[in-house]
Every structure is written in C-alpha cells, then in structure tokens.
Amino acid sequence: MPLVSPSTDFDFCSIILPTSMDTSLLVVWVWVQVWGWLACGRRGGGISIQIFAIILFVEAAIHKSVTYKDFVGIISGYRLIPISLVWTAAAFVIFAEYLAIISLLLMLPFLKYLGAVMLVGYAIAIQINVVRGRTEIDCGCGGQSMPISQSLVSRNLVIAILLAWSTNTVGFAGLSAVVPLGIVKELLLSIITCPLIS
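Residues numbered from 1 in each chain as written. Predicted model: local features only at pLDDT ≥ 70, side-chain atom pairs only at ≥ 80, totals over all residues. Heavy atoms only, no water.

Here the focus is the packing of helix α5 (residues 114-132) against helix α6 (residues 150-169). Two numbers describe how α5 lies on α6: the axes approach to 8 Å, and their chain directions differ by 165°. Taken together, the axes of α5 and α6 are roughly antiparallel relative to one another. Crossing handedness for the pair α5 and α6: left-handed. Of α6, the residues touching α5 (which contributes Gly115, Ala116, Leu119, Val120, Tyr122, Ala123, Ile126, Gln127 and Val130) are Gln150, Leu152, Val153, Asn156, Leu157, Ile159, Ala160, Leu163 and Ala164. Among the residues forming the contact of α5 with α6, the class breakdown is 14 nonpolar, four polar and no charged. (Axes fitted to C-alpha atoms, helices over the stretch in contact; angles between N-to-C directions. Helix = DSSP H or I, 4+ residues; strand = E, 2+ residues; numbered from the N terminus. Parallel < 35°, antiparallel > 145°, perpendicular 65-115°, else oblique. Left-handed = near helix turned anticlockwise from the far one by under 90°. Contact = heavy atoms within 4.5 Å. Nonpolar A, V, L, I, M, F, W, Y, C, P; charged D, E, K, R; others polar.)

Dropping the structure here:
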C-alpha cells in the first residue's frame, strides 16, 4: 500500500501515515501506547487506552448525533433488526455511546465494561454481515465512511479486550489525576499524526 496519497494537493499526513483508515488508527494506537507506557509504565498504558477509547466514542457519538438520519439508514443496512425498531435502535446506540464516555471519565463501577461490550457488539454485527458477503455496507463507525471488513472486526475486538483490561488496571483516582496530562498528550499527538478520524 502506498504511503503517499494520490491526491494532487500536498498532504503532509499522507507522507507520514498510510491512507487506510484501519492502518492509520492502528498507527495512532501504537503511538498512544508507547507514550503512555513511557510516561507512567503499565498504569500509563491502561490510562492511554481509556483516553483513546474516550476520544473514539466522543467522535463517533457526535457524528452519529449530527447525521442521525444517515445513521438510521446505516443501522437499517445491517438487516439485523425489524425496520420498525431501527429509529429506536439508532437512538439507543448513540445514548449508550455517550453513557460509555461518562462511565470511562468517571469510572462508574456498574458501567465500567460498557465501552468494551459495545465494541464487541459492533464486531458481532459486522462479522454477521461479512459472513453474509455484504461488505459494501457502511460500518457506521462515525466520521469518514468506511465499508465493513474482517480487519474492522479484529480491530474492534482488540480495542475491546484492551479496554476491558484497562478498566481493571486504572482506578478513579489514577485516571482523574492523569487525564489532564493525557488530553494534552492526545492533542499534541493529533497535531503530529494529523486528523485521522474525521
């Protein structure tokens, strides 16, 4: 896969990172983990995972809220629930994503695995349609349109496993103490790597 975008406009980000969304997210993931582990060791790695997940869910939830009608169409395209429940299901998914953000920020004990469970749920829904051979449908991840694929299933499962692990590694006090530093780190990282989740 070429590292330089075929676009005629100069794109500094495309020189540094592959244009594939899946690959780019993995590159950012590695950057976040390296900095987290270097800064705070194992605990820092767990915190970095949670910060990355928060940013991922925030971007997804906002995009789905703003383009709600489009998201309803995407949910319908998966053909997993009756048409009569599609609008309700779309609203529930968005609400659950905002709830996952809150649970990660506050480390609510009764919801601490919500983000990981949602990622596994997304992976299952995508896998069903990959098996059906319907890989042309939009994943509905939020942001840039992206067709479903086996690699997307794997990515969601890896993030879900690491997120579940991190919730047992980082307590509320540790997260609240390091989140400001983590947010600054993420902002700097986003400048270095360019906007990959748009």
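A few words now on the state of the cysteines. All told, the structure shown has one disulfide when counted by the stated rule. The disulfide bridge from cysteine 139 ends at cysteine 141, spanning 2.3 Å between sulfur atoms. (Disulfide = S-S within 2.5 Å.)

Its identity as a non-glycine residue notwithstanding, arginine 79 has a phi of 55°, on the positive side. Accessibility expressed as a relative area gives 57% for arginine 79, which makes it exposed. (Buried < 20%, exposed > 50% of the residue type's maximum accessible area, 1.4 Å probe, protein only.)

Assignment of secondary structure puts serine 103 in helix α4 (residues 86-106). From its side chain, serine 103 meets the backbone oxygen of alanine 100 in a polar contact 2.8 Å long. Setting aside its immediate chain neighbours within four residues, serine 103 contacts Leu108 and Leu111. (Polar contact = N/O pair within 3.5 Å; in protein donor to acceptor, adjacent residues only side chain to side chain.)

This part covers helix α3 (residues 68-78). Looking only at α3, the buried set comprises Phe71, Val72, Ile74, Ile75, Gly77 and Tyr78. Just past α3, the residue arginine 79 takes up positive phi, approximately 55°.

With 20 residues, α6 should cover 28 Å at 1.5 Å per step; its first-to-last C-alpha distance of 29 Å lies within 8% of that length. Within the span of α6, buried status applies to Leu152, Val153, Arg155, Asn156, Ile159, Ala160, Leu163, Ser166, Thr167 and Thr169. (Expected span 1.5 Å × (residues − 1).)

Now for the packing of α4 against α5. One way to put it is that α4 packs onto α5 with a least axis distance of 9 Å and a crossing angle of 145°. Between α4 and α5 the crossing geometry is left-handed. Along its contact with α4, which presents Val93, Ala96, Glu97, Leu99 and Ala100, the element α5 presents Leu114, Gly115, Met118 and Tyr122. Broken down by class, the residue content of the contact of α4 with α5 amounts to seven nonpolar, one polar and one charged.

Turning our eyes to something else, we now look at the nonpolar core. If you look at the biggest cluster of nonpolar residues, it comprises 14 residues, and the most contacted ones within it are Phe57, Ile101, Leu104, Leu119, Ile159 and Leu163. For this core, the secondary structure elements donating two or more residues are α2 (21-66), α4, α5 and α6. When residues of this core are assigned to their parent elements, the largest contribution, seven residues, is made by α2. Once residues lying within four places of it in the same chain are set aside, the contact partners of leucine 119 are Phe57, Asn156, Ile159, Ala160 and Leu163. (Core = buried A, V, L, I, M, F, W, Y, C linked by side-chain atoms within 4.5 Å.)

Residues Leu80, Ile81, Leu85, Val120, Ile124, Ile128 and Leu157 make up a contiguous nonpolar surface patch of roughly 520 Å² in combined accessible area. Looking at the nonpolar patch, the element that brings in the most residues is α5, giving three residues. Here valine 120 shows up in helix α5. (Patch = residues over 30% accessible without salt bridge, like charges linked within 9 Å, V, L, I, M, F, W, Y side chains within 5 Å. Areas by Shrake-Rupley, 256 points an atom, 1.4 Å probe, with all protein chains shown as cover. Salt bridge = Lys/Arg side-chain N within 4 Å of Asp/Glu carboxyl O.)

What follows is about the environment of alanine 100. Structurally, alanine 100 can be placed in helix α4. The sequence separation of alanine 100 and leucine 111 amounts to 11 residues, and the corresponding C-alpha distance is 7.4 Å.

In the predicted model, the protein chain carries a mean pLDDT of 74, and the fraction of residues at 70 or more is 63%. Under a pLDDT of 50 for its full length, residues 1-22 has, in the predicted model, 32 contacts with residues more than four places off or in other chains. Low confidence marks residues 190-198, where pLDDT is under 50. Its contacts with residues over four positions away, or in another chain, come to 19 contacts. (pLDDT = per-residue confidence, 0-100.)

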